[in-house]
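So you can see what is in the structure, the chains are spelled out below.
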Amino acid sequence: MRVGSTDPVATAACAELAETAGPDPEARTPGRCEDCEALGEQNWAHLRMCLSCGHVGCCDSSPHRHATAHFEQTGHPVMRSHEPGESWRWCYRHAEMG
Ligand SMILES: [Zn+2]
Ligand SMILES: [Zn+2]
Ligand SMILES: [Zn+2]
């Protein structure tokens, strides 16, 4: 049961997205997945960048899913698209876009 459901939505529910609203860190491997590069893998679908440390990893449509693996290993919660023209961000902890 929820009380006070007339509140104007849960915009501030995700602290991680609010905390990473500032300037982005510099990408460690611009345009490349850092972990695929280490493996010699050159096939990935899209790239995501960690907003805690600038790690660039491949998305979940890629064979190795390094962006998600990075979150699981480090706990860094927010990444953003590293694709040209895309600026959306994603909080893994809340599965929320910002
Ligand atoms: Zn969050
Ligand atoms: Zn990768
Ligand atoms: Zn990171």
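Residues numbered from 1 in each chain as written. Chains lettered and ligands numbered in written order. Predicted model: local features only at pLDDT ≥ 70, side-chain atom pairs only at ≥ 80, totals over all residues.

The protein chain is annotated in an unreviewed UniProt entry as UBP-type zinc finger domain-containing protein from Rhodococcus parequi.

**Regarding the sheet that holds strand β2 (residues 56-58)**
The test is simple: Whether two strands pair comes down to DSSP finding at least two bridges between them. In this text, helices come from DSSP runs of H or I with a minimum length of four residues, and strands from runs of E with a minimum of two, each type numbered from the N-terminal end.
Spatially, β2-β1-β3-β4-β5 is the arrangement adopted by the five strands of the open sheet, whose pairing is antiparallel. Of all the strands in the sheet, the pair left with one neighbour each is β2 and β5 (96-97). In terms of strand pairing, strand β3 (residues 78-81) meets strand β4 (residues 89-91) through three bridges, oriented antiparallel. For R80, the partnering residue across the bridge sits in β4 and is R89.

**Focus: the nonpolar core**
Applicable threshold: Any nonpolar core is a set of buried residues, restricted to Ala, Val, Leu, Ile, Met, Phe, Trp, Tyr and Cys, that join up through C-beta atoms within 7 Å. Counting other C-beta atoms within 10 Å of a residue's own tells you its class, since 20 or more makes it buried, 12 or fewer makes it exposed, and anything in between is partly exposed; those C-beta atoms are placed from the backbone.
In this structure, C33, L47, C58, V78 and M79 are the most contacted members of the largest nonpolar core, which totals 17 residues. Among the secondary structure elements, those contributing two or more residues to this core are β1 (47-50), β2, β3 and β4. Ranked by residue count, the leading element in this core is β1, at three residues.

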